[in-house]
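# Breakdown of the fold
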Amino acid sequence: MDNPDKSKKLKCLSTESNGPLIGHATIPGDKSISHRALILGSMALGETTLHGLLDADDINSTAKALVCLGARINKESNGIVRVNGRGVGGLSEPSDILDLGNAGTGARLLMGILATHDFISIINGDQSLRQRPMAHIVKPLEQMGAQIHTRDGGRLPATIIGTNNPIPISYHLPIPSAQLKSAVILAGLNTPGRTRVIEPAATRDHTEQLLRRFGAKIQITVSEDEGKIIDLIGLTELQAQELFIPADPSSAAFPIVAALLVPGSKVTVSNVAHSPTRSGLFETLVDMGAKIDITRSENSTVDITAEFSTLHGADIPAERAPRMIDEYPILAIAASCAQGSTIMRGLSELKVKESNRLNTIAEGLNACGVETEILKDSLVVHGKGGPPSGGGVVHTHHDHRIAMSFLVLGLATPKPVAIDDSSVIATSFPGFIDMIEELGGSIGPK
Ligand code: S3P
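All of the points below concern the structure found in this document. Treat the numbers as computed from the prediction; the structure is a model and nothing was measured.

Conventions we followed
Residues numbered from 1 in each chain as written. Predicted model: local features only at pLDDT ≥ 70, side-chain atom pairs only at ≥ 80, totals over all residues. Heavy atoms only, no water. Buried < 20%, exposed > 50% of the residue type's maximum accessible area, 1.4 Å probe, protein only. Helix = DSSP H or I, 4+ residues; strand = E, 2+ residues; numbered from the N terminus. Arc of directions from axis to C-beta. Core = buried A, V, L, I, M, F, W, Y, C linked by side-chain atoms within 4.5 Å. Contact = heavy atoms within 4.5 Å. Pairing = 2+ DSSP bridges. Axes fitted to C-alpha atoms, helices over the stretch in contact; angles between N-to-C directions.

## Observations concerning helix α13 (residues 432–439)
- For α13, every residue scored as buried is listed here: Phe432, Ile433, Met435, Ile436 and Leu439. In an axial view of α13, the angular spread of the buried residues amounts to 160°, which keeps them on one side of the axis.
- Looking one or two places after α13, you find Gly440, whose phi comes out positive at around 110°.

Here it is in structure tokens:
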């Protein structure tokens, strides 16, 4: 499932203003859903057929790991991916280290699966993933009976000694994290009895939705005091499915914000995954004065059209963060072109993403002539009503969303904006550069 891709060949890239962005932007399949579709397909009985699976480095890393664990995954020339699963508890000991590359979601969800398989496996990742914390995932999985050894500070590589006697737990999520929630629920698949996860603040619910689709015994109740209660009865076989994976709202965010910032632009994205757990950015942009039209289409997806808008600053509450956690880099770009200050609150989790995004966003904006402040867990971006000067070279710190966000900024600024490493874009959106060029944007070597 390798993908020849422009961004991988050109390491240093810059964008410059080149007139309006017009047209229909092609957006790849949703990354969160793609990881889960491959994982659940590998745990199901029979052949799962996936249409629109994201073909990007993160998903290819998860697919490779699942193949090492015994699943059969084949991509046809028409893009359809077929997964032959091994049944719940049916994965087998890998003969090599599982290298998840940059895929934090892949690593954490697989840890959940592996915790309740009776064999030893080792998970590793690239330089960036090896810096990211795993202790929060390890803790509940050890309560379920697994032994997990990590480097100091809970970092990868991790050795997972899966238990042959899994214990169902009832687990209150200490932080709003869909990865943590999913790791525990997935560990519950091969555990007798009821595994319960209690989620005080809603995070993306693709694991629950897809498990239901694959025939898992999963029940969700909402309590006023506790929030969402997810109950999974383990040792129930999953049945293979045919799935159509919608476009990724987190990837759609880039051309949408680009259209808002470049005068005369109008851009549409179609078939975007619609979920209240992922819609925080679009709500925020509308609050900031964005002209965004969202229409429901078939299969509970949405079409979104955005056009050039005069934006103003906003105070974004911490409660909204779980519903737009991956969108702060591109929101900060929009804020840097708005009139007045934008305060983004409750961003402690941003410090442990693909980079420390609180710092990388502020550093990149400063290099492009924007004033910022980091106040504990909040980021303040001071906009001056229109694009900043640009002209900076932005360090991506191996972070795909930082790379794409700053290339979007360069489409609006008087001086070009350069990034030091475009290869990271392939993590989630290999067609990003083509997409921007098709809309009329100019991207070239630095
Ligand atoms: C994801 C959950 C979020 C998000 C990540 C994808 C998922 O992470 O930032 O990009 O697919 O479950 P957390 O669960 O750590 O908040």
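What follows picks up the thread again.
## Focus on unusual backbone geometry
- For the bond running from Leu156 to Pro157, omega is 0°, close enough to zero to count as cis.
- Structurally, Pro157 can be placed in strand β10 (residues 155–161).

## A look at the nonpolar core
- Counting 74 residues, the largest nonpolar core has Tyr328, Met344, Phe406 and Phe432 as its most contacted members.
- Apart from the residues within four sequence positions on either side, Tyr328 is in contact with Ile316, Arg320, Ala321, Met344, Arg345, Leu347, Leu350 and Ile361.

## What about the sheet that holds strand β5 (residues 72–75)?
- Read across the sheet, four strands follow the order β5-β6-β4-β16 without closing on themselves; strand pairing throughout is mixed. Edge strands, defined here as strands with exactly one partner in the open sheet, are β5 and β16 (242–244). Between one strand axis and the next, the sheet turns through 15° on average, direction left out of account.
- As judged from the four bridges shared by strand β4 (residues 47–51) and strand β6 (residues 81–84), these two strands associate in the antiparallel manner. Counterpart to Thr48 in the pairing with β6 is Val83.
- Each of β4, β5, β6 and β16 is contacted by helix α2 (residues 31–43), which is oriented at about 35° to β6, the strand it contacts most.

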